[in-house]
Amino acid sequence: MNDLRELYQELILDHSKKPRNFRELPGANRSAEGYNPLCGDRATVYLQVEDDVVREASFKGSGCSISTASASMMTDALKGKTVAEAKALFELFHELVTADPSKAAAVSERLGKLAVFAGVHEFPMRVKCASLAWHTMKAALEGGARATTE
Amino acid sequence: MSVSPARATSGLDVEAVRREFPVLRETVNGHPLVYLDSAASAQKPQAVIDAERAVYEHYYSNIHRGVHRLSMLSTEAYEAARGKIRAFLGAASNREVVLLRGTTEAVNLVAQSYGRSHVKPGDEVLISGLEHHSNIVPWQLLCEEKGASLRVAPIDDRGEVDLAAFERLLTPRTKLVAVSHVSNALGTINPVARMSELAHAAGAVVLIDGAQAAPHLRVDVRAIGCDFYAFSGHKVYGPSATGALYGREALLAAMPPWQGGGDMIASVSFEKTTWNELPYKFEAGTPNVAGVIGLGAAIDWVGRVGLDAIAAHEHELLEYGTRLLSDLPGLRLVGTARRKAAVLSFVLEGVHPHDVGTVLDHDGIAVRTGHHCAQPVMDRYGIPATTRASLACFNTKQELDALVRGIHKVQELFA
């Protein structure tokens, strides 16, 4: 079970069972729908951006524990970040789950709690689950309405 | 837990069958491979691997051209495979067996060739609520182009097509009926002979998608009475990108060619080209020569093991697996048709199928998770996805016991 525990860390299980910010956001001025056509996972990300700062973030959708926990923790992490910081976080997260493990340590430090997703790296079939909400968030910031993991 | 003897009541010597599949000697994450994903694609017995390799090692060449020795040997073996496929489907003549890449290509051929020349604005194409995307989308494309409508016969909670609704949906406007013989997502066996009879009474032409039936049931296109029957080689223990379309000769003869190219012509000039005879009219370009010969070997192999013995063995496993899974708290089987083949599709309370799949894979158990290219079926049950364990001749009760242990582990992890 050891590497399974690496993937399904307590923090991930907790966020998947009790997702934070799981609601529509009436005051959102940015949103996008994300879809993974391979597995049918869906996530809509809502952002309220004022003066270039993400004031509020939330999501709705259905997906596996990895994609739900990822969206939950991402929306937590985004609050108070500038748009540039949010985009930089996207790059770091992307690197964490896809780049070679030697770089992961350096990336992990800068990601704080989000580094809990490092275990996804060992499960290539699940990378798209972890990154769906992130791609969707990026599309929302860039004014796109849709994102897919393709 | 019961212990299954090597020779089950079906008469199939499972251990002997297993020895013929080299891949079953592999381990995954330190566990013996438990392959429960044959509905996606079947593993290959040694006989098929050897047959395909023998082509390349001894006599590979292009076919239907060239006077040299190898071309003759390849052509003979290729056409012999066509004959085996004809017998496998119960077709009357080799002229009715078009060799293609698989079921998807076969359905597209019928939609594009027969469909485009017979379906007019206002006409209807009738499918069922059980269909795989490959038996939905080609008809949507056709209907959109022709201004025709796609009608869908609904399924009930068990996953059976509502035959009364099917009959009501057949009208004088119905030009084509396309239904699966066996559902890939739920395992439902459709009453295709009765459906063909009803469709014919309404004046429609019938295509049966046999992708999931061919590995599990004896197929007889004349007993079914359908006009077209499509299947894929890779699901019948044959090489991928092989398969065939059976078509009633009179229909095929009247249909326009689908793809143009070499081998499908009788003569070509810049002014006029004439078509080759059946079935070559529908076989443009160099085919998967070694793959088709491998499919012939797969059909021989299935014949040696015996489709009836395979069906009996799989049915025994299906009943055993259904009992085991029905007893698990928090698990719901999706698809409980009275006539069913080789598929155990289920959802676990509070756990997404992808997480189930990842945890099972950790123990070497390969299942399919997702919508199984049948999103309308998932929508019917209001679920995004299921976990699907699908069975083949080489599976055992012990492997289903391992599946249950894996599910316990999933429930423990996500408790």
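Keep in mind that what you see is a predicted model, and the values were worked out from it rather than measured.

**Q** Even after reading the chapter, I still don't get the overall build of chain A, so can you show me in this structure?
**A** Within chain A, the secondary structure is distributed over six helices and four strands. Ordered by position from the N terminus, the helices and strands of chain A form the series α-α-β-β-β-α-α-α-α-β. Compactness check: chain A gives a C-alpha radius of gyration of 14 Å against a globular reference of 15 Å for 150 residues, within 12% of the reference. With 150 residues in all, chain A has 51% of them scored as buried. Once the 19 positive and 20 negative side-chain charges of chain A are each reduced to a mean point, those two points are 4 Å apart.

**Q** Can you walk me through the side chain of Arg82 of chain B in this structure?
**A** All names here are of chain B. Structurally, Arg82 is set in helix H3 (residues 69-89). A relative accessible area of 1% places Arg82 in the buried class. In contact with Arg82, not counting residues within four places along its chain, are His64, Asn94, Val97, Val98, Leu99, Pro279, Tyr280 and Glu283.

**Q** When you look at the pattern of salt bridges in this model, what are you seeing that I'm missing?
**A** A pair can form between side chains of opposite charge whenever their charged atoms are brought close. Residues and elements named next belong to chain B. The tally for this structure, following the rule as stated, stands at 32 salt bridges over all chains. The salt bridge involving Lys175 is made with Asp123; its shortest N-O contact spans 3.2 Å. Here Lys175, found in strand E7 (residues 174-180), pairs with Asp123, found in the loop between helix H4 (103-118) and strand E5 (124-128); they are 52 residues apart in sequence, far enough to count as distant. Since its relative accessible area comes to 8%, Asp123 is described here as buried. Residues joined in a network through salt bridges with shared partners are Asp156, Arg158, Glu160 and Arg338.

**Q** Quick question: what am I supposed to make of the sheet that holds strand E9 (residues 228-232) of chain B here?
**A** Two strands in a sheet stick together by hydrogen bonds in their backbones, pointing the same way (parallel) or opposite ways (antiparallel). All names here are of chain B. On the basis of which strands lie adjacent, the open sheet formed by seven strands has the order E4-E10-E9-E8-E7-E5-E6 and mixed pairing. Each having just a single partner strand, strand E4 (97-100) and strand E6 (149-153) make up the two edges of the open sheet. The average angle at which neighbouring strand axes cross in this sheet is 20°, direction not considered. Of the pairings in the sheet, the one linking E9 to strand E10 (residues 243-247) comprises five bridges and is antiparallel in character.

**Q** Sorry if this is basic, but what is going on with the interface of chain A and chain B here?
**A** By a widespread convention, an interface's size corresponds to the accessible area lost as its parts come together. Contacts between the two partners involve 21 residues from chain A and, on the opposite side, 14 residues from chain B. Across the chain A/chain B interface, buried area totals approximately 1,500 Å², and carbon plus sulfur atoms make up 59% of it. Linking chain A with chain B are one salt bridge. A salt bridge links Asp355 of chain B to Arg126 of chain A, with the nearest nitrogen and oxygen atoms 2.8 Å apart. The tally of links between chain A and chain B comes to nine residue pairs in polar contact (both at pLDDT 80 or more). Secondary-structure elements contributing two or more residues to the side of chain A that touches chain B are helix H1 (2-7), helix H2 (10-17) and helix H3 (65-78) of chain A. Here the side of chain A that touches chain B gets four residues from one element, more than from any other, and that element is H1 of chain A. Broken down by class, the residue content of the side of chain A that touches chain B amounts to twelve nonpolar, four polar and five charged.

**Q** How should the packing of aromatic side chains be read in this particular structure?
**A** All names here are of chain B. A complete count under the given rule lists twelve aromatic pairs over all chains for this structure. Here Phe21 and Tyr237 contribute two aromatic rings whose centre-to-centre distance is 5.8 Å and whose plane-to-plane angle is 65°, an arrangement assigned as edge-to-face. Here Tyr237 lies in the loop between E9 and E10 and Phe21 lies in the loop between helix H1 (14-19) and strand E1 (27-28), a separation of 216 residues in the sequence. On the basis of relative accessibility, which here comes to 0%, the residue Phe21 falls in the buried class. Ring plane angle 40° and centroid distance 6.5 Å describe the contact between Tyr35 and Phe394, whose orientation is recorded as tilted. With a gap of 359 residues between them, Tyr35 in strand E3 (residues 34-35) and Phe394 in the loop between strand E17 (386-390) and helix H14 (397-413) connect regions that are remote in the sequence.

**Q** How do you make sense of the packing of helix H4 (residues 83-98) of chain A against helix H5 (residues 101-111) of chain A when you look at a structure like this?
**A** Two numbers describe a pair of packed helices, the interaxial angle and the distance between the axes. All names here are of chain A. Axis separation between H4 and H5 bottoms out at 9 Å; the angle between their running directions is 140°. With respect to their mutual orientation, H4 and H5 come out oblique. When you trace H4 past H5, the crossing you get is left-handed. Contacts between H4 and H5 involve Leu89, Leu92, Phe93, Glu95 and Leu96 from the former and Lys103, Ala104, Val107, Ser108, Arg110 and Leu111 from the latter. Of the residues in the contact of H4 with H5, the class split is seven nonpolar, one polar and three charged.

**Q** Can you walk me through the environment of Ser390 of chain B in this structure?
**A** All names here are of chain B. Within the fold, Ser390 resides in strand E17. A sequence separation of 301 residues divides Ser390 from Leu89, and the C-alpha atoms of the two residues are 23 Å apart. With sequence-adjacent residues up to four places away left out, Ser390 is seen in contact with Tyr35, Leu36, Asp37, Ser38, Ala39, Ala342, Val343 and Asn395. A polar atom in the side chain of Ser390 sits 3.1 Å from the backbone nitrogen of Ser38. Reaching out from Ser390, the side chain makes a polar contact with the backbone nitrogen of Ala39 at a distance of 2.8 Å.

**Q** Explain the nonpolar core here, please?
**A** In a soluble, globular protein the nonpolar side chains are often hidden away together inside. Counting residues in hydrophobic clusters, the biggest one holds 152 residues, and the most contacted among them are Phe117 of chain A together with Tyr229 of chain B. In terms of residue count, helix H10 (residues 289-305) of chain B provides more of this core than any other element does, ten residues in total. Among residues more than four places away in sequence, those in contact with Phe117 of chain A are Ile12, Ile66, Ala69, Ser70, Met73, Phe93, Leu96 and Val97 of chain A.

**Q** Just checking my understanding: could you explain the environment of Ala57 of chain A for this structure?
**A** Residues and elements named next belong to chain A. Structurally, the position occupied by Ala57 is in strand E3 (residues 53-62). For Ala57 and Phe93, which are 36 residues apart along the polypeptide, the C-alpha to C-alpha distance reads 17 Å. When residues no more than four places from it in sequence are discounted, the contact partners of Ala57 are Asn21, Leu25, Tyr46, Leu47, Thr75, Leu78 and Lys79.

**Q** Looking at this model, I keep getting lost on the sheet that holds strand E16 (residues 368-370) of chain B. Mind explaining?
**A** All names here are of chain B. Here four strands make up an open sheet; going across it, the order is E13-E14-E17-E16 and the pairing antiparallel. This sheet does not close on itself; its edge strands, each paired only once, are strand E13 (331-333) and E16. For this sheet, the mean angle separating the axes of adjacent strands, direction not counted, is 30°. Where strand E14 (residues 343-348) meets E17, four bridges bridge the pair, whose relative direction is antiparallel. From the neighbouring strand, Val343 faces E17, where its bridge partner is Ser390. Against the sheet, helix H11 (residues 307-326) engages E13 and E14, with an angle of about 10° to E14. This element, helix H12 (residues 353-362), spans E14, E16 and E17 of the sheet and lies at about 160° to E16.

**Q** Which parts of the structure should I look at to understand unusual backbone geometry?
**A** As a rule of thumb, non-glycine residues mostly have phi less than zero, and peptide bonds are mostly trans rather than cis. Residue Pro279 of chain B follows Leu278 of chain B across a cis peptide bond; omega there is -5°. Residue placement: Pro279 of chain B occurs in the loop between strand E12 (273-275) and H10. You will see that Asn21 of chain A, though not glycine, has its phi angle at about 55°, which is positive. Mapped onto the fold, Asn21 of chain A is located in the loop between H2 and strand E1 (30-36). When its relative accessible area of 10% is taken as the criterion, Asn21 of chain A is described as buried. Of note, the phi angle at Tyr237 of chain B is positive, near 70°, even though the residue is not glycine.

Definitions and limits used
- Residues numbered from 1 in each chain as written.
- Chains lettered and ligands numbered in written order.
- Predicted model: local features only at pLDDT ≥ 70, side-chain atom pairs only at ≥ 80, totals over all residues.
- Heavy atoms only, no water.
- Helix = DSSP H or I, 4+ residues; strand = E, 2+ residues; numbered from the N terminus.
- Rg over C-alpha atoms; globule rule 2.2 N^0.38 Å.
- Buried < 20%, exposed > 50% of the residue type's maximum accessible area, 1.4 Å probe, protein only.
- Lys, Arg positive; Asp, Glu negative; His and termini not counted.
- Charge placed at Lys NZ, Arg CZ, Asp CG, Glu CD.
- Contact = heavy atoms within 4.5 Å.
- Salt bridge = Lys/Arg side-chain N within 4 Å of Asp/Glu carboxyl O.
- Pairing = 2+ DSSP bridges.
- Axes fitted to C-alpha atoms, helices over the stretch in contact; angles between N-to-C directions.
- Buried area = accessible area lost by both parts, 1.4 Å probe.
- Polar contact = N/O pair within 3.5 Å; in protein donor to acceptor, adjacent residues only side chain to side chain.
- Nonpolar A, V, L, I, M, F, W, Y, C, P; charged D, E, K, R; others polar.
- Phe/Tyr/Trp six-rings, centres within 6.5 Å; stacked < 30°, edge-to-face > 60°.
- Parallel < 35°, antiparallel > 145°, perpendicular 65-115°, else oblique.
- Left-handed = near helix turned anticlockwise from the far one by under 90°.
- Core = buried A, V, L, I, M, F, W, Y, C linked by side-chain atoms within 4.5 Å.

So far we have only geometry, and geometry alone does not tell us how the molecule works.
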